[in-house]
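Each chain is listed here by its residues.
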Amino acid sequence: NAGVTQTPKFRILKIGQSMTLQCTQDMNHNYMYWYRQDPGMGLKLIYYSVGAGITDKGEVPNGYNVSRSTTEDFPLRLELAAPSQTSVYFCASLLAGFTDTQYFGPGTRLTVL
Amino acid sequence: AQTVTQSQPEMSVQEAETVTLSCTYDTSESDYYLFWYKQPPSRQMILVIRQEAYKQQNATENRFSVNFQKAAKSFSLKISDSQLGDAAMYFCAYRSASERTGTYKYIFGTGTRLKVLA
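Note that the structure is predicted; figures quoted are calculated from it, not measured. (Residues numbered from 1 in each chain as written. Chains lettered and ligands numbered in written order. Predicted model: local features only at pLDDT ≥ 70, side-chain atom pairs only at ≥ 80, totals over all residues. Heavy atoms only, no water.)

### Remarks on the sheet that holds strand β1 (residues 4-7) of chain A
Residue and element names in this part refer to chain A. Pairing is antiparallel across the open sheet formed by 4 strands, whose spatial order is β1-β3-β8-β7. Each edge of the open sheet is held by one strand with a lone partner, namely β1 and β7 (64-66). Between one strand and the next, the sheet's axes are offset by a mean angle of 20°, whatever the strand orientation. When β7 meets strand β8 (residues 76-78), the two strands line up antiparallel, connected through 3 bridges. (Pairing = 2+ DSSP bridges. Helix = DSSP H or I, 4+ residues; strand = E, 2+ residues; numbered from the N terminus. Axes fitted to C-alpha atoms, helices over the stretch in contact; angles between N-to-C directions.)

As structure tokens, this is what we get:
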């Protein structure tokens, strides 16, 4: 099992550009999450999904969109990138009801200039 | 709403000594989980230890143990025989145990940076 994979590892965007951060898990987990981690801070939840076709907002959803068409994939879309979105983005997954442990991807460092 | 507070931005410990990292939380729920995650410079989030709120016994994983005080809403992490590889950011996290009430959302503290001195 590869676990949770994220692409790309690094990206620099210009203000106003758009991009999609990819997240895939091969553990058949039902829950998936997107977090952002600003320098020196903890993780803040952007969006989460309880299963294919079901998503909901977290603490800081503005400027982002998600979709969950399959169990494995949970892409995060940034529209009209802004400097405030410069951060490290983590994807995570969880098999609810069977384990209480989140599995994290390695993160994507995004810089918006 | 639940909150998690880590009041120590940075801690230092001498190699082979013991250090305790503090975490307090606020919740109105009676059943929940608490976690400590380690984040080394590689940025990978690594689960260190977890505690189920309904269990009285403090969790232990090798050199890592917790002091869980439910009434005080305190969840500290003790690292014994500190090693250079323990140097990292440590995050405390809360999760509701009930999918109905918490939808398995995690709340993270702001972290404590641990330095281990040789």
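Let us keep going from here.
### Focus on the environment of A:K44
All names here are of chain A. Looking at the secondary structure, you find K44 in strand β5 (residues 43-51). On the accessibility criterion, K44 (35% relative accessible area) is partly exposed. For the pair formed by K44 and E59, sequence separation is 15 residues and the distance between their alpha carbons is 6.5 Å. Contacts of K44, omitting those with residues within four sequence positions, involve W34, Y35, R36, E59 and V60. (Buried < 20%, exposed > 50% of the residue type's maximum accessible area, 1.4 Å probe, protein only. Contact = heavy atoms within 4.5 Å.)

### Topic: the layout of surface pockets
Its volume calculated, the largest pocket comes out at about 370 Å³. For the largest pocket, the lining is made up of 20 residues, of which A:Q37, A:G40, B:Q39, B:R43 and B:R113 are closest to its centre. Residue assignment for the lining of the largest pocket shows that the elements contributing at least two residues are β9 (87-94) and β11 (108-112) of chain A together with β10 (88-96) and β12 (112-117) of chain B. Broken down by element, the lining of the largest pocket gets its largest block of residues, 3 residues, from β11(A). By residue class, the composition of the lining of the largest pocket is 10 nonpolar, 6 polar and 4 charged. (1 Å grid on protein atoms, 1.4 Å probe; cavity = no way out; pocket = protein on both sides within 12 Å on 5 of 7 lines; lining within 4 Å. Points joined across faces, edges and corners; volume = space filled by probe spheres on them. Nonpolar A, V, L, I, M, F, W, Y, C, P; charged D, E, K, R; others polar.)

### Some words on the interface of chain A and chain B
With 28 residues of chain A at the interface, the matching set in chain B holds 19 residues. Roughly 1,900 Å² of surface becomes buried between chain A and chain B when both sides are summed, with 53% attributable to carbon and sulfur atoms. Of all the secondary structure elements, the ones that give two or more residues to the side of chain A that touches chain B are β4 (31-37), β5, β9 and β11 of chain A. Looking at the side of chain A that touches chain B, its residues break down into 15 nonpolar, 10 polar and 3 charged. (Buried area = accessible area lost by both parts, 1.4 Å probe.)

### So, the confidence of the model for chain B
For chain B, the mean per-residue pLDDT works out to 91, and 95% of the residues sit at or above 70. Per-element confidence in chain B ranges from a low mean pLDDT of 57 for helix α1 (residues 99-102) of chain B to a high of 98 for strand β3 (residues 19-21) of chain B. (pLDDT = per-residue confidence, 0-100.)

### Some remarks on the state of the cysteines
All names here are of chain A. Counted under the stated rule, the structure contains 2 disulfides over all chains. Across a sulfur-sulfur distance of 1.8 Å, C23 and C91 are joined as a disulfide pair. Looking down the S-S bond of the C23 and C91 bridge, the torsion is -70°, so its handedness is left-handed. Of this pair, C23 sits in strand β3 (residues 19-25) while C91 sits in strand β9, placing them 68 residues apart in sequence. (Disulfide = S-S within 2.5 Å.)

### Let's talk about the nonpolar core
With 26 residues, the main nonpolar core has B:Y25, B:W36, B:F75, B:L77, B:Y90 and B:L114 as its most contacted residues. Of the residues forming this core, the biggest block, 4 residues, is contributed by β10(B). Leave out the neighbours within four places in its chain, and B:L114 touches B:M11, B:V13, B:V19, B:L21, B:I79, B:D86, B:A87, B:A88 and B:Y90. Grouped together as the second largest cluster of nonpolar side chains are 22 residues, A:A92, A:A96, B:Y37 and B:F108 included. (Core = buried A, V, L, I, M, F, W, Y, C linked by side-chain atoms within 4.5 Å.)

### As for the pairing of β11(A)
Regular strands place their side chains on alternate faces of the sheet. Residue and element names in this part refer to chain A. The side-chain alternation of β11 yields one buried face, formed by T108, L110 and V112, and one unburied face, formed by R109 and T111. Sheet topology note: the strand β2 (residues 10-13)/β11 ladder contains 4 bridges and is parallel. Bridge pairing in β11 links F10 to R109.

### Section: the pairing of strand β8 (residues 64-69) of chain B
All names here are of chain B. Bridging between strand β7 (residues 60-61) and β8 involves 2 bridges; their strand directions are antiparallel. If you follow T60 over to β8, its bridge partner there is S65. Taken together, the 6 bridges between β8 and strand β9 (residues 74-79) define a ladder with antiparallel strand orientation. Its bridge partner lying in β9, Q69 is registered against S74. Between β8 and β9, which pair antiparallel one after the other, the connecting turn spans 4 residues, and K73 there sits at a positive phi close to 55°.

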